[in-house]
Amino acid sequence: MMLHPATVHFAIALPVVAATLGIAYMISRKEIMSKIAARATLIAAIAMIIVWYTGNNAGPLIYKFLSPQGQHELLEHKELGLYLAIAMGIIAILQIIGCRLKKFGLEVLAIILLIGAMFTTFLQGKHGGEIVYDYGQPFEMYQVTKYLNNSDDLDMADDVDAAVDLIKNKISDISKKTPLKIQGEVKK
């Protein structure tokens with residue numbers, strides 16, 4: 001089962017929540033808001049690490065179904081995901097230290113970095129969407145195109161109806177097997 005699609009939305013939403021709470025703290029400068037913002041940032045960092053981990057496991061399952069451009073995009077997506085996970089961890093540590101030591105300047109620095117990470121996460125989400133919707137199509141389309149471009153069966157078909165039947169059968173086969181391939185249940 002692929003967990004990345006189910007977890008990714010938390011990694012997008014939680015930095016927004018944490019940044020909003022951080023800005024509220026900067027405005028109010030109340031200790032309770034400092035603690036809430038620091039904990040929200042920690043939860044956002046944990047979510048980001050989990051999403052990177054689930055993506056790291058999901059990537060190899062879909063890699064072979066993507067076009068070459070999609071494969072390149074997936075590798076960039078993985079790399080940026082790692083950087084975001086590391087950055088969110090560092091930001092959470094800075095904000096927690098600032099909260100514990102009551103260093104407003106350190107907390108402001110962490111919140112500014114968090115806002116930067118939040119916008120980078122939006123960019124990361126855009127790239128993830130492109131992998132699925134622009135390059136994935138949703139993974140079956142690439143296989144159909146590859147079949148149409150490289151099929152000796154189609155060249156040997158007796159007539160147009162026979163070729164259409166071959167294509168329909170191949171699309172049906174691809175539609176059945178692709179989800180199983182992605183989940184690792186079928187080899188070819």
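Predicted model only: the values in this text are computed from it and were never measured.

Participant: When you look at the environment of Phe119 in this model, what are you seeing that I'm missing?
Facilitator: As for its position among the elements, Phe119 is in helix α4 (residues 104–136). Separated by 103 residues in sequence, Phe119 and Val16 have C-alpha atoms that sit 9.0 Å apart.

Participant: Looking at this structure, I do not really get the nonpolar core. What am I missing?
Facilitator: As a rule of thumb, nonpolar side chains are buried together in soluble globular proteins. Ranked by size, the top nonpolar core spans 17 residues in total, and within it Ala18, Met48, Met88, Ile91, Leu114 and Ala117 carry the most contacts. Mapped onto this core, the elements with two or more residues apiece are α1 (4–28), α2 (31–63), α3 (68–101) and α4. In this structure, Met88 is in contact with Pro15, Thr41, Ala44, Ala45, Met48, Leu114 and Ala117, ignoring residues within four places of it in sequence.

Participant: What's the story with the packing of α2 against α3 in this structure? I'm lost.
Facilitator: Two quantities define a packed helix pair, namely the angle between the axes and the distance from one axis to the other. As a packed pair, α2 and α3 sit with axes 8 Å apart at the nearest point and diverge in direction by 160 degrees. Relative to α3, the element α2 lies roughly antiparallel. The two elements α2 and α3 cross, and the hand of that crossing is left-handed. Of the residues assigned to the contact of α2 with α3, the class counts are 20 nonpolar, eight polar and two charged.

Participant: Mind showing me how you'd approach the confidence of the model for the chain here?
Facilitator: A low pLDDT score tells you not to read the predicted coordinates there in detail. The predicted model of the chain averages 86 in pLDDT, with 87% of residues at 70 or higher. Considering each helix and strand of the chain separately, the mean pLDDT is smallest for helix α5 (residues 140–150), with a value of 68, and largest for α3, with 96.

Participant: Looking at this structure, I do not really get unusual backbone geometry. What am I missing?
Facilitator: Residues other than glycine predominantly adopt negative phi, and peptide bonds predominantly adopt the trans conformation. Notably, Arg29 is not glycine yet its phi reads approximately 55 degrees, a positive angle. One can find Arg29 in the loop between α1 and α2. Positive phi outside glycine occurs at Lys102, with the angle close to 55 degrees. Looking at where Lys102 falls in the secondary structure, it is placed in the loop between α3 and α4. A relative accessible area of 58% means that Lys102 is categorised as exposed.

Participant: Could you clarify how one ought to interpret α2 in this entry?
Facilitator: Quick reminder: α-helices carry 3.6 residues per turn. Residues three or four places apart thus point the same way. Look at α2: 47 Å from first C-alpha to last across 33 residues, which is about the 48 Å you get at 1.5 Å a residue. The largest bend along α2 reaches roughly 25 degrees and is located at Asn57, with the proline Pro60 sitting one to four residues downstream.

Conventions we followed
Every residue gets a number counted from 1 within its own chain, in the order that chain's sequence is written. The model is predicted, so local features are restricted to residues of pLDDT at least 70 and side-chain atom pairs to those at 80 or more, both for listing and for counting; the totals for chains, interfaces and linings are taken over all residues. Values reported for side chains reflect all heavy atoms of the structure, with hydrogen atoms and water molecules removed beforehand. Labels follow the DSSP assignment, with helices taken as runs of H or I lasting at least four residues and strands as runs of E lasting at least two, numbered in each case from the N terminus. By nonpolar core is meant a set of buried Ala, Val, Leu, Ile, Met, Phe, Trp, Tyr and Cys residues that side-chain atoms within 4.5 Å join together. Under the scheme applied here, a residue whose accessible area is under 20% of the maximum for its type counts as buried, over 50% as exposed, and between as partly exposed, the area being computed with a 1.4 Å probe on protein chains only. Whether two residues touch is decided by their heavy atoms; if any such pair falls within 4.5 Å, the residues are in contact. Every axis corresponds to a line fitted to the C-alpha atoms, with the helix fit spanning only the stretch in contact, and the corresponding angles, defined between N-to-C directions, vary from 0 to 180 degrees. In these notes the angle categories are as follows: under 35 degrees is roughly parallel, over 145 is roughly antiparallel, 65 to 115 is roughly perpendicular, and the rest is oblique. Less than a right angle of anticlockwise turn of the near helix away from the far helix marks a crossing as left-handed, whereas a clockwise turn marks it as right-handed. Amino acid classes used here: Ala, Val, Leu, Ile, Met, Phe, Trp, Tyr, Cys and Pro are nonpolar; Asp, Glu, Lys and Arg are charged; the rest, including Gly, are polar. Every residue carries a pLDDT, the predictor's confidence in it, which falls somewhere between 0 and 100. Expected span of a helix: the number of residues minus one, times 1.5 Å. Bend, in this description, refers to the angle at a residue between axes fitted to the seven residues ending there and the seven starting there.

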